[in-house]
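Residue-level listing of the chains:
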Amino acid sequence: MAIALISFGGLAAERSNAAAPKLSQGDRLWFQCRACHTLKKNEPHKLGPNLHGFINAKAATRPGFKYSKALTTSGIVWNDAELDQWIKKPNDLLKGHRMNYAGMTDASKRALLIKYLKEKTR
Ligand code: HEC
């Protein structure tokens, strides 16, 4: 009986592995953001704004989201350099914003995530 149970468990594990979608490295990095953000057009805002179309746009201009005064008046435009700094350490780029995220120290990971954001928010 014990043997039957073990082999059944093994089979179930194999099945679920086969069914799991392959995640790209970008997808994995996005896990750090997705609790608060969505990417695609017409997806709802969460704790943070939906990011569709934000690349190279002025900060705090996604319609229908209530931003902090700090971000609204920051004058930031989301080009590569500003975005890299934001993801690295939001508090270093801007004081008084409301994004509760400590930062991503690895530059190559940030570059991957930025590439992913560009693809997914078009
Ligand atoms: C705990 C929730 C939370 C997490 C995690 C989070 N964000 Fe945010 N994000 C926010 C909030 C809230 C704002 C709006 C900040 C403000 O108004 O000051 C924001 C703003 C932004 C903006 C500016 C949007 C605009 O319209 O100007 C970008 C870009 C952004 N986040 C990207 C990211 C990325 C990339 C990650 C993951 C590395 C991430 N965020 C993780 C909550 C979060």
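Refer to the structure above for everything that follows.
Residues numbered from 1 in each chain as written. Predicted model: local features only at pLDDT ≥ 70, side-chain atom pairs only at ≥ 80, totals over all residues. Heavy atoms only, no water.

Novice: Looking at this structure, how should I read unusual backbone geometry?
Specialist: For residues other than glycine, phi is negative in most cases, and the peptide bonds are mostly trans. Even without being glycine, Asn42 reaches a positive phi, approximately 70°. Residue position: Asn42 is located in the loop between helix 2 (25-30) and helix 3 (69-72). One non-glycine residue, Ala60, lies in positive phi territory at about 65°. Following the sequence through the fold, Ala60 ends up in the loop between helix 2 and helix 3. Residue Ala60 is classed as buried on the basis of its relative accessible area of 17%. (Helix = DSSP H or I, 4+ residues; strand = E, 2+ residues; numbered from the N terminus. Buried < 20%, exposed > 50% of the residue type's maximum accessible area, 1.4 Å probe, protein only.)

Novice: Please explain the environment of Lys95 as it appears in this structure.
Specialist: When you line up the elements, Lys95 lands in the loop between helix 5 (90-93) and helix 6 (107-120). Spatially, the C-alpha atom of Lys95 lies 9.4 Å from that of Ser74, the residues being 21 residues apart in sequence. A distance of 2.8 Å separates a polar side-chain atom of Lys95 from the backbone oxygen of Asn91. (Polar contact = N/O pair within 3.5 Å; in protein donor to acceptor, adjacent residues only side chain to side chain.)

Novice: When you look at the environment of Phe65 in this model, what are you seeing that I'm missing?
Specialist: Following the sequence through the fold, Phe65 ends up in the loop between helix 2 and helix 3. When the C-alpha positions of Phe65 and Gly48 are compared, they lie 8.0 Å apart, and in sequence the two are 17 residues distant.

Novice: How should the nonpolar core be read in this particular structure?
Specialist: Taken as a class, soluble globular proteins show a tendency for nonpolar side chains to be buried jointly. One finds Trp30, Leu71, Trp78, Leu83, Ile87, Leu113 and Leu117 to be the most contacted residues of the largest nonpolar core, which totals 23 residues. Sorting the residues of this core by element identifies helix 2, helix 3, helix 4 (80-88) and helix 6 as the ones contributing at least two each. Here this core takes four residues from helix 6, the largest share from any one element. Among all residues touching Leu83, those that are not within four sequence positions of it are Phe54, Ile55, Trp78, Ile114 and Leu117. (Core = buried A, V, L, I, M, F, W, Y, C linked by side-chain atoms within 4.5 Å. Contact = heavy atoms within 4.5 Å.)

Novice: Help me understand the pattern of salt bridges in this model?
Specialist: Oppositely charged side chains can form a pair if their charged atoms are brought close together. Across all of its chains, the model carries three salt bridges by this definition. Ionic pairing is found between Asp80 and Lys118, a salt bridge with its closest N-O pair at 2.8 Å. Of this pair, Asp80 sits in helix 4 while Lys118 is found in helix 6, placing the two residues 38 residues apart along the sequence. Asp80 sits in the partly exposed class, given a relative accessible area of 44%. (Salt bridge = Lys/Arg side-chain N within 4 Å of Asp/Glu carboxyl O.)

Novice: How should I be thinking about the coordination of the iron atom of the ligand in this particular structure?
Specialist: Reference values for coordination geometry: four tetrahedral donors around a metal ideally subtend 109.5 degrees, six octahedral donors ideally subtend 90 or 180 degrees. Surrounding the iron atom of the ligand are the protein donor atoms His37 (NE2) and Met99 (SD), which sit 1.9 to 2.1 Å from the metal. What the six donor atoms of the iron atom of the ligand show is an angle range of 87 to 178° at the metal, which sorts the shape as octahedral. Taken as a pair, His37 in the loop between helix 2 and helix 3 and Met99 in the loop between helix 5 and helix 6 lie far apart in primary sequence, 62 residues in all. (Donors = N, O, S within 2.8 Å, 3.2 Å for Na, K, Ca; no water. Tetrahedral: all angles 85-135°; square planar, octahedral: opposite > 155°, others 65-115°.)

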